[in-house]
Each structure stands twice: as C-alpha cells, then as structure tokens.
Amino acid sequence: MTADGSGRMRLTRAMRLQKTREFARIRNEGRRSVRGCLVVNWMLLMPGSICRVGLITTKKLGKAIIRTRARRLLRETFRLHQHDFRQPVAMVLVARASIIGKKLADVERDFVTLLRQANLLNETK
RNA sequence: UCGGAAGGGCGGAGGAUCGCUUUCAGCGCAAGUUGGAAGAGGAAAGUCCGAACUCCAUAGGGCGCGAUGCCGCGUAACCUGAAUUAGGUUCAGGAUACACGCGGGCAGUAAUGUCGAGAGACAUUCUGACGGAUAGUGCCACAGAAAAUUAAACCGCCCAGCCCUUCUCAAAGCCGCUAGUUACAGAACGUUCGCACAGGCUGCGAGCGGUAGAGGCCGGGCUGAUACUGGCAGUUUUGGGAAGGGCUGGUGUAAGGGUGAAAAGGUGGGGUAAGAGCCCACCGCCCCAAGAGUAAUCGAGGGGGCACGGAAAACCCCAUCGGGUGCAAGGCCAAAUAGGAAACCGCGGAGCUGCCCGCUCCACGUCCCGUUAAACGGACCGGUUUCGGGUAUUGGCUGCUCAGACAAAUGAUUCUCUCUCCCGCUUUGGCGGGACAGACAAAAUUCGGCUUACAGCUCUUCCGAAAUC
RNA sequence: GCACCCGUAGCUCAAUUGGAUAGAGCAUCUGACUACGGAUCAGAAGGUUGAACGUUCAAUUCGUUCCGGGUGCA
C-alpha cells in the first residue's frame, strides 16, 4: 500500500494531528527551526509509519479570513512535499505574520529551505 | 455627455490537473477504495435587538429589575395541507414579534421659496428614543433686580406729604462799613413816645438831637440830584411756577432694568397720573364643538383676555411586555479520578372474611458475626438529604441541517472568454502589451432585523454644467 | 458560541448627582545649587478625555453605534 500511496498527493484526516496532547508533545519534545514566514517543530517517526502534520495560525495573524488563507497555504505546501522526506516525520507548522499576502511559491521556497537545513529532505529524488 | 446626491440590484463565466468535507451506490472481513451528487455571504462580521428551540423553576398575586411608549398595515424560522422525493425541496393557507419595514398623523424649526408693514402664516426638503413637567422630589452654574408659580423684595416710573438747593416771575423794600453832624426842597443818622402785626436790625406817625467825608451803576431832565424820571445789576422778604436732591407713605405700576440658553403672550394703536389685555385690530394660545377620517388627528363655528418656562437621554409616575437560562443549552453511552463524612430510612401493603387466626400475591437487602427463634445490635450494601473532593488528560454519539466542522472542509496550479484600469499606435473603429477578476470579507443550532466594511458595474429619481436640435 | 467589563498627559491614577481654566505623583525640558554629576529647590511644557453622532444652554460625566483591550463559562 505504501508503494501505491507514495505517488499520491493525499492528505486525509488520519494524516493530521488532532489532539492537544500530540501538539504539546511535538512542540515540547521535538526540534524547532524558523525561517521566513513559518516555524517548524518536528519529530522523527519509526520507518513505515505515516507522515503527520498539524497547523497553528494564532489570532495575532489577523481576522478569520487571513488565518484560513495561511492554513490552506501551509497545508498545500505539506501536501505537495509529503513524499520528499528521508523518513516519516510528525511536524507542527506555525504561521508567522509575514505570511500575509504571500503566494504558494514563496511559502514553498521557505518550507524546502527549512527541510534542507534540518536534513530531512531526500536529496536523491 | 460629464459631475454630484438619494434609493435599489449585481458582487465574473466556462474548462483541465492535483486535493479536501459530507452523503449515496458498488467492492472489501476491515482499514480502505471506485464512481455519482452537493459544498460560504451581502454582509457569513459586530453580537446591537427580537423570536424559535432547550433545560430549570412555576397555583395565583405582589415587590424589585429590565425593556418599550403617536396611528394603521405588513413580514421569518414555526404549524397544516398539496405536489414531487431516499432524506428534502417547492407551492398554498394559518399563527407570533412592544425586533423591524412601509404608509399616514403630529411636532421641530435647519435650509429654500411665497404672502404680510410686522408679529407671523403656508409650501417643499430635512429631522424626530414621538406617553406624562397639571402626581411628586430635585436641577437650571456664571451673569442678572429676579431662574420659577397667589411672581415681586430691589432699581425705576407715578401720586401725596415734609425738608433742602437752584432758576424764574410778581409785589414790596433796601443800596458797603465805621466815626462824626455844617447844610439839602421831600433825605440819610441817632433817640424818645404812641399805634399796627408779620413780633422784627419791622412798619407808620409825632417830638428831640444833629452833620457833609458816604449815597449801587448808566442815561435823561432841571440852575442844581442822594432826592425827579427811565433802564440795568445786586440783595432781602413774601407769594407763584419750574428743575434737581433727600426722607416717609401708597389696597399706584409692572412699560422699562440687556444679563442670560431661557425673563411670564407678540406686533401696532388707543388709553392713563404713570402704566397694564385696561380697551381695540391682527397674530399666537387655551376650552367647547357640528362634521371628516378605521385611527392617530384635523376641524366650520362658538367661547375665554391668556393661565401652562426648560429638562424625564435626572430620579420618577402611568400604560404595556418580560420567570430564569443559553447549543460550552440539553440528552445518551463509555472511561478516569474519587468511591469520603454526617443524619435518616430499609417495613408494610393488597385480596379472601363482619372480626381475629389463617391462606395467597407483591415485597420484606445480604444472612456475614454475636445470641435458641422472633427481635435487637454490629458489619457491608442500597436509597434520600446535607457537606466535602476532583475537573492544566475526559472521550464518543446526538442536538445538527441535500454546506455542516470541532486543531475546524469549500483549496492550489493553469487555460479560454468577457468586465474594469494603465501604457503605446491609430482620424474613428480598432490593434498590441501590462495589471493575481483585482473591494470588504469565511458558515459553526435555526430564523428575522439593525449596524458597520466594501474595488467595480448597473437601474430609477432629482440637481448642476456643457453641447446639439 | 454565549455573557460581561474597561479606555483620561509618556506611565500610574483623580475629577461630588452635568457647570466650563480637566488635577496629582513619577518621567521630560529649562534655570539655580556643584569643579562635574546625583539628590534638592524653582519654573515650564505636555490632553481632539478611544472615535462619531445625538440629548442639553452646557458632556470626561447622559444615550446610541463603532474601534481597541481584557475577563468568565464545562
């Protein structure tokens, strides 16, 4: 199934973090790096498990439409790069105020740079 | 054609690829997967109103609290029925709203216009949280005589009395002071006596004494003036008048006091000692009222000389409405923590019968410990009430929806077409290039309203400017 | 989602039931004192009372609507 799903760009509910405990565990015990318009907290998982992601857009960003827009951009970024990881990972993406008004390509560039700094990227691909 | 104001509507369309949420169907033991269908707004926002719905409380009423406040009409979710459907949708009818919308009435006086001498009236636009200030309490700073109810203390005006000052008129006198006494026609001076009343530096008369240095100024006349005569000035007294001031009083007054946001009907005239609705005309106001209108209300006509300042968005009064609570409401299931303390209860009821015994049924907690049984006590258990503890890890389903979540879906990339804007070329038409379809903004139980935000397009009405006919 | 509270000088707070120049402390500035600085003393400046509209003769105060900030719920 993993071979079948590796080519798909799915992002189902099972791939999302939903519990406050999971968020707190990753943010407290995981590693953290910052660049541009986003913050990444991540933890490596056992090989063979599913990559999981959680998104945080605080009220400091602005009103509801701004936060929804930021959340969608982060989610799309993760979805497009979910198969580029060296090994499965659980991460929490936090949007910063500079994400307002940016396009997907800008967010994607920051995200890839972050992953390369963290040495999570599968460069062979 | 352009610009402005008010009101209303719209808020891109179609496709491809990769994805998301819900649901239906198929496959699969299941996780899942394949296909179909549906998937943000006019404000979804603010949470400013009201309603549905929910649970709790509730005989009824009162107090308190909150809200609303001219009149009429209309409107949602909801309920019922029909059509068509898998749920649901559409249509028709009905109900509620003291949310709100529309129309009308009245008021305000801001603007404009018309009429009028003026006060003011009328029309249009605009504005109005539009019951009561005559239920009561309190407030109206400063200024001002007075800021609120039989207005009148003060100034002022008027009248009367008394006093004072000034001016003026009339009459009657007088003409610097002191000393002195020769002379003057009629004098001035002193003194004595008598008479008069205004009682005095008084006037008149008579007597005596006695003088030329003084006789208001100017003019006239005479030989000659102190003396006669004319004028002027001063002064005294008396009387009259005028003005001013002071005091006292008024069954006089409220016109005036220029201060204030606001001053006790207004304008004009008459009237009066001065004044005043005191009287008159007009305007305004109050009361009654034929009649008109569903009603608010308007009102022909009549009466009243006029009382009733503002503010209730101060407290408040009146009328009406509202029990509280809010989907984190509420219901169900499961788990975690705790499984504590105190008090009370754990025995009767029904049928058969007139009653008792007895029998049957429901029920009498366990029957563990002490005691022979009942019964009692203890332990555990159950129930109720009160108290205490836990809730920085509770979760799921439901409520909940042909959008329907609970770390929260409705997205990303791209193509075509129009819309708008900018730049360049062009006489116009048009062509080419660029600007992210470009504003405000994302459902969270439902519905109706209000308010706020908003690029651009468009419709209606009105106003202004320009051009043409 | 629902319910509720607060905005005054740079900061922390006042301002009686509406009445006029919105006050105090700290901070700032100027001067004095000192060789210099601190402390002290004297003086000055600094406010669209969150915004708009309304009620009133008059609004920090009363009413409505927005803006900003904050609190609670099981």
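Just so we're clear, the structure is a prediction, and the values are computed from it rather than from any experiment. (Residues numbered from 1 in each chain as written. Chains lettered and ligands numbered in written order. Predicted model: local features only at pLDDT ≥ 70, side-chain atom pairs only at ≥ 80, totals over all residues.)

K.L.:
Describe in detail the overall build of chain A, supporting the description with residues and values.
P.N.:
A count of helices and strands for chain A gives 4 helices and 4 strands. When the helices and strands of chain A are read in sequence order from the N terminus, they spell out α-α-β-β-β-α-β-α. Counting every position in chain A, which comprises 125 residues, the buried fraction comes to 24%. Sequence-distant contacts, at least 24 apart, represent 81% of the contacts inside chain A between residues at least 6 apart. (Helix = DSSP H or I, 4+ residues; strand = E, 2+ residues; numbered from the N terminus. Buried ≥ 20, exposed ≤ 12 C-beta atoms within 10 Å, placed from the backbone. Contact = placed C-beta atoms within 7 Å.)

K.L.:
Describe the nonpolar core, and please don't skip the residues or the numbers.
P.N.:
If you look at the biggest cluster of nonpolar residues, it comprises 22 residues, and the most contacted ones within it are L38, L74, M91, L93, I99 and V107. Mapped onto this core, the elements with two or more residues apiece are strand 2 (38-44), strand 3 (52-56), helix 3 (64-80), strand 4 (89-95) and helix 4 (104-117). Top contributing element to this core by residue count: strand 4, with 6 residues. In contact with L93, not counting residues within four places along its chain, are L38, V40, V53, L55, L74 and F78. (Core = buried A, V, L, I, M, F, W, Y, C linked by C-beta atoms within 7 Å.)

K.L.:
Account for the environment of R32, naming residues and giving values.
P.N.:
Tracing the chain through its elements places R32 in strand 1 (residues 31-35). Looking at R32, the number of C-beta atoms within 10 Å reads 13, which means it is partly exposed. In this structure the C-alpha to C-alpha distance between R32 and W42, which are 10 residues apart in sequence, comes to 6.6 Å. Excluding residues that lie within four positions of it along the chain, R32 makes contacts with V39 and N41.

K.L.:
Account for the confidence of the model for chain A, with residues named and values stated.
P.N.:
Summary statistics for chain A give a mean pLDDT of 76 and a share of 86% for residues scoring 70 or more. For the stretch residues 1-6, pLDDT sits under 50, and the model shows 2 contacts to residues farther than four places along the chain or on other chains. For this predicted complex, the interface score ipTM comes out at 0.77, while the overall pTM is 0.66. (pLDDT = per-residue confidence, 0-100.)

K.L.:
I'd like to hear about the sheet that holds strand 4, residue by residue, with values.
P.N.:
Taken in spatial order, the 4 strands line up as 1-2-4-3 in an open sheet, and their pairing is mixed. In this open sheet, the two edge strands, each paired with only one partner strand, are strand 1 and strand 3. Within this sheet the neighbouring strands show an average axis-to-axis angle of 20°, counted without direction. In this structure, strand 1 lies alongside strand 2, joined through 5 bridges in antiparallel fashion. Bridge pairing in strand 2 links S33 to V40. Each of strand 1 and strand 2 touches helix 4; the most contacted strand, strand 1, lies at about 140° to it. (Pairing = 2+ DSSP bridges. Axes fitted to C-alpha atoms, helices over the stretch in contact; angles between N-to-C directions.)

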